[in-house]
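Descriptive analysis of the structure
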Amino acid sequence: MSAAAGGGEPVLLPMGVQLLDAVMAIEVRAYPFPWSRGNFVDSIAAGYLTRCLVSPEGELLGYLVAMAGFREWHLLNVTVSPEHQGRGLARQLLQALREHAETEGADCLWLEVRPSNHRARALYARLGYAQVGVRRDYYPDAGGRREDALVLCLELQPGAAG
């Protein structure tokens, strides 16, 4: 996954521990049930693909975490700062992941999304993801309840990127 260059464009950088305070500041604003700092530390330590989208001024705009499998990638977290949503940054993060996965020879990208997250579902549909299943009671929800997860898959063309 390469960083964008010059021209005032955001750049993709590896998520190191030095960025975790900024990551957590976004995570707790973006979600009612955020990942913990430990989730991010464990993802970095496990060697997962962790990338941050940073403005030319050094502001963290968004990030993603993805795990490689056999000829597939699983998106675990993609988040854009609430102040910067609606500017195509999630699309940029997802496109970078797709290019990385294709370069690595993956056949597909997997993810889960809440049925109630209409905005994310619309973006995934525009990018070609298709629902292939449901995970019952996957996400925590208000009042101790649980929400299902829709399982989505994007078929890739290995070697198409780059």
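Our structure's up above, just so we're on the same page.
Report follows, based on the coordinates. (Residues numbered from 1 in each chain as written. Predicted model: local features only at pLDDT ≥ 70, side-chain atom pairs only at ≥ 80, totals over all residues. Heavy atoms only, no water.)

1. Description of the overall build of the chain
Summing up its helical and strand segments, the chain has 4 helices and 7 strands in all. For the chain, the α and β elements follow one another from N to C terminus as β-α-α-β-β-β-α-β-α-β-β. Counting only C-alpha atoms, the chain reaches 45 × 35 × 30 Å along its principal axes. Residue pairs in contact within the chain that sit at least 24 positions apart in sequence constitute 58% of those at least 6 positions apart. Total accessible area on the chain stands at roughly 8,400 Å², and carbon and sulfur atoms take up 51% of it. For the chain, the centre of its 15 positive side-chain charges and the centre of its 18 negative side-chain charges are spaced 5 Å apart. (Helix = DSSP H or I, 4+ residues; strand = E, 2+ residues; numbered from the N terminus. Contact = heavy atoms within 4.5 Å. Areas by Shrake-Rupley, 256 points an atom, 1.4 Å probe, with all protein chains shown as cover. Lys, Arg positive; Asp, Glu negative; His and termini not counted. Charge placed at Lys NZ, Arg CZ, Asp CG, Glu CD.)

2. Focus: the sheet that holds strand β2 (residues 49-54)
The sheet built from 7 strands is open, its strands ordered β1-β2-β3-β4-β5-β7-β6 with mixed pairing. Every interior strand has two partners, whereas the edge strands, β1 (11-14) and β6 (130-140), have only one. Strand-to-strand twist of the sheet, defined as the mean angle between neighbouring strand axes without regard to direction, takes the value 30°. On the sheet, helix α4 (residues 118-126) packs against β4 (72-80), β5 (108-113) and β7 (146-155) and is oriented at approximately 165° with respect to β5. (Pairing = 2+ DSSP bridges. Axes fitted to C-alpha atoms, helices over the stretch in contact; angles between N-to-C directions.)

3. Quick word on unusual backbone geometry
At Arg 71, a position not held by glycine, the phi torsion is positive, near 55°. Relative to the helices and strands, Arg 71 is located in the loop between β3 (60-69) and β4.

4. Structural notes on the pattern of salt bridges
Oppositely charged side chains may form a pair once their charged atoms are brought near each other. Here the structure, examined in full by the defined rule, presents 7 salt bridges. Notably, a salt bridge pairs Arg 71 with Asp 107, separated by 2.8 Å at the nearest N-O pair. Taken as a pair, Arg 71 in the loop between β3 and β4 and Asp 107 in the loop between α3 (89-103) and β5 lie far apart in primary sequence, 36 residues in all. The exposure class of Asp 107 is partly exposed, given its relative accessible area of 29%. (Salt bridge = Lys/Arg side-chain N within 4 Å of Asp/Glu carboxyl O. Buried < 20%, exposed > 50% of the residue type's maximum accessible area, 1.4 Å probe, protein only.)

5. Some words on the packing of aromatic side chains
The relation between two aromatic rings is expressed through the spacing of the ring centres and the mutual angle of the planes. Scanning the entire structure with this criterion turns up 4 aromatic pairs. Ring centres of Tyr 138 and Tyr 139 lie 4.9 Å apart, and the angle between their planes is 90°; on these two criteria the pair is classed as edge-to-face. An aromatic cluster is defined as three or more aromatic residues linked by ring pairs; in this entry it consists of Trp 35, Phe 40 and Tyr 63. (Phe/Tyr/Trp six-rings, centres within 6.5 Å; stacked < 30°, edge-to-face > 60°.)

6. What to know about the packing of α3 against α4
To characterise two packed helices, one gives the angle between the axes of the helices and the distance between these axes. Two elements in contact, α3 and α4, have axes separated by 11 Å at closest approach and are oriented at 45°. In terms of orientation, α3 and α4 fall into the oblique class. Handedness of the crossing formed by α3 with α4: right-handed. Between α3, through Ala 90, Arg 91 and Leu 94, and α4, the contact on the second element is made entirely by Leu 123, Tyr 124 and Arg 126. Across the contact of α3 with α4, the residue classes break down as 4 nonpolar, no polar and 2 charged. (Parallel < 35°, antiparallel > 145°, perpendicular 65-115°, else oblique. Left-handed = near helix turned anticlockwise from the far one by under 90°. Nonpolar A, V, L, I, M, F, W, Y, C, P; charged D, E, K, R; others polar.)

7. A word on the state of the cysteines
In total, this model carries 0 disulfides according to the counting rule given. In this model Cys 153 remains outside any disulfide bridge; the closest cysteine sulfur is found in Cys 108, 4.2 Å from its own. (Disulfide = S-S within 2.5 Å.)

8. Some thoughts on the packing of helix α1 (residues 20-30) against helix α2 (residues 37-45)
Between α1 and α2, the shortest axis-to-axis distance is 10 Å and the interhelical angle comes to 130°. Relative to α2, the element α1 lies oblique. With respect to the hand of their crossing, α1 and α2 are arranged in right-handed fashion. Between α1 and α2, the contacting residues are Leu 20, Asp 21, Val 23, Met 24 and Glu 27 on the first element and Arg 37, Phe 40, Val 41 and Ile 44 on the second. A per-class count over the contact of α1 with α2 returns 6 nonpolar, no polar and 3 charged.

This is a description of form; function is not addressed.
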